[in-house]
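# Observations on the three-dimensional arrangement
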Amino acid sequence: MTSPVWTARVLTLFPEMFPGPLGHSLAGKALEAGIWALETVDIRYFASDKHRSVDDAAFGGGPGLVMRPDVIDAALAAVMGAAGPDRRSADAGPPIYLTPRGRPLTQERVRALAAEPRITLLCGRYEGVDERVLEAWQAEEISVGDYVLSGGEPAAIVLLDACVRLLPGVVGDAKTLAEESFEGWLLEYPHYTRPQEWRGRPVPEVLASGNHQKIRAWRRAQAEATTRQRRPDLWARYRAQQAVMEG
Ligand code: ADE
């Protein structure tokens, strides 16, 4: 029996935006190799009125249009295989709605999503999606950062890219991933390659020393200094983690 490939379903008004960047490089090769599958669903297909409308004015006024709950519901029901008010089959996790109002995406959440057999992403446009359909499907709301994109599609691409590189066989060198999770609370140390001197700037001497213990210590010190300067939030977590480990 072959295990089914990790599958992403994306509900969008712009299916032509996919696979987009995910059709290239690591993710693209993995897609071609059948390590993961991408299914796009055109939300407009589920519009039922004669104008095929998917959005309408906001109750209470204000600018912008809101995506209709009945249309989104029909699209979700078609891909998630359920039609009752409790709205989803047992083997499917809740749909993920990409929105700046969501919980910030973390590597930890990415790891968990990459371990599911399939995920369903809902991309909104305009001012968003009617709240009731999100409630009815118990959608998980995820943000990819504290800035506003013109729609959920670029956010979905970010989320999928982060998941796909964790699938077995996508990143060639398993050590790369292992190191990432080992150093998980720190930003990366800086990297250098040839030429050893470029525009009067030499590569840090220790890196050419061949002393692996010294190199490890130098990289760790660099990662710590950069994290402390740039990301006090990560630094505080790292220090707390260290304190726990040192008992
Ligand atoms: N849609 C618009 N902006 C977004 C963001 N920052 N994260 C997720 N979805 C979005």
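Just so it is clear, the model here is predicted, and its values are computed rather than measured.

Within the structure, the ligand sits among Leu-98, Thr-99, Pro-100, Ile-142, Ser-143, Val-144, Gly-145, Tyr-147, Val-148, Leu-149, Gly-151 and Ala-155. Separating a nitrogen atom of the ligand from a backbone N or O atom of Gly-145 is a distance of 3.1 Å. One nitrogen or oxygen atom from the main chain of Leu-149 is found 3.0 Å from a nitrogen atom belonging to the ligand. Protein coverage of the free-state accessible area of the ligand, which is 260 Å², stands at 96%. Under a 2 Å grid-point criterion requiring more than half of the atoms, the pocket assigned to the ligand is the second largest pocket. Elements represented by at least two residues in the shell around the ligand include exactly strand E5 (96–104) and strand E7 (140–143). Ranked by residue count, the leading element in the shell around the ligand is E5, at 3 residues. The class makeup of the residues in the shell around the ligand is 8 nonpolar, 4 polar and no charged.

What the rule picks out here adds up to 6 salt bridges. Between Arg-109 and Glu-140 there is a salt bridge, with its nearest N and O atoms 2.7 Å apart. One end of the pair, Arg-109, is in helix H3 (residues 107–114); the other, Glu-140, is in strand E7, with 31 residues separating them in the sequence. For Arg-132, the salt bridge is made with Asp-130, and the minimal N-O distance between the two is 2.8 Å. According to the relative accessible area criterion, Asp-130 is buried, its value standing at 15%.

The next subject is the domain arrangement of the protein. When the domains of the protein are assigned, the result is domain 1 (6–164) and domain 2 (181–246). Of note, the centres of domain 1 and domain 2, computed from C-alpha atoms alone, are 37 Å apart.

Estimated volume of the largest pocket: approximately 1200 Å³. Forming the boundary of the largest pocket are 35 residues, of which Thr-106, Gln-107, Glu-108, Arg-111 and Gly-184 lie nearest the centre. Going through the elements one at a time, H3, helix H5 (152–164), helix H6 (174–182) and helix H8 (232–245) are the ones with two or more residues in the lining of the largest pocket. No other element matches H6, which puts 6 residues into the lining of the largest pocket. For the lining of the largest pocket, the per-class residue count stands at 14 nonpolar, 8 polar and 13 charged. Two domains each donate at least three residues to the lining of the largest pocket, and these are domain 1 (6–164) and domain 2 (181–246). Considering the residues around the second largest pocket, the lining is formed by 26 residues, among which Tyr-97, Leu-98, Thr-99, Pro-100 and Glu-127 are closest to the centre. For the lining of the second largest pocket, the secondary structure elements donating two or more residues are E5, helix H4 (131–136), E7 and H5. Top element by residues in the lining of the second largest pocket is E5. It accounts for 5 residues.

Basis of the calculations
- Residues numbered from 1 in each chain as written.
- Predicted model: local features only at pLDDT ≥ 70, side-chain atom pairs only at ≥ 80, totals over all residues.
- Heavy atoms only, no water.
- Near = heavy atom within 4 Å.
- Polar contact = N/O pair within 3.5 Å; in protein donor to acceptor, adjacent residues only side chain to side chain.
- Areas by Shrake-Rupley, 256 points an atom, 1.4 Å probe, with all protein chains shown as cover.
- 1 Å grid on protein atoms, 1.4 Å probe; cavity = no way out; pocket = protein on both sides within 12 Å on 5 of 7 lines; lining within 4 Å.
- Sits in = over half its atoms within 2 Å of the grid points.
- Helix = DSSP H or I, 4+ residues; strand = E, 2+ residues; numbered from the N terminus.
- Nonpolar A, V, L, I, M, F, W, Y, C, P; charged D, E, K, R; others polar.
- Salt bridge = Lys/Arg side-chain N within 4 Å of Asp/Glu carboxyl O.
- Buried < 20%, exposed > 50% of the residue type's maximum accessible area, 1.4 Å probe, protein only.
- Domains from an automatic or database assignment.
- Points joined across faces, edges and corners; volume = space filled by probe spheres on them.

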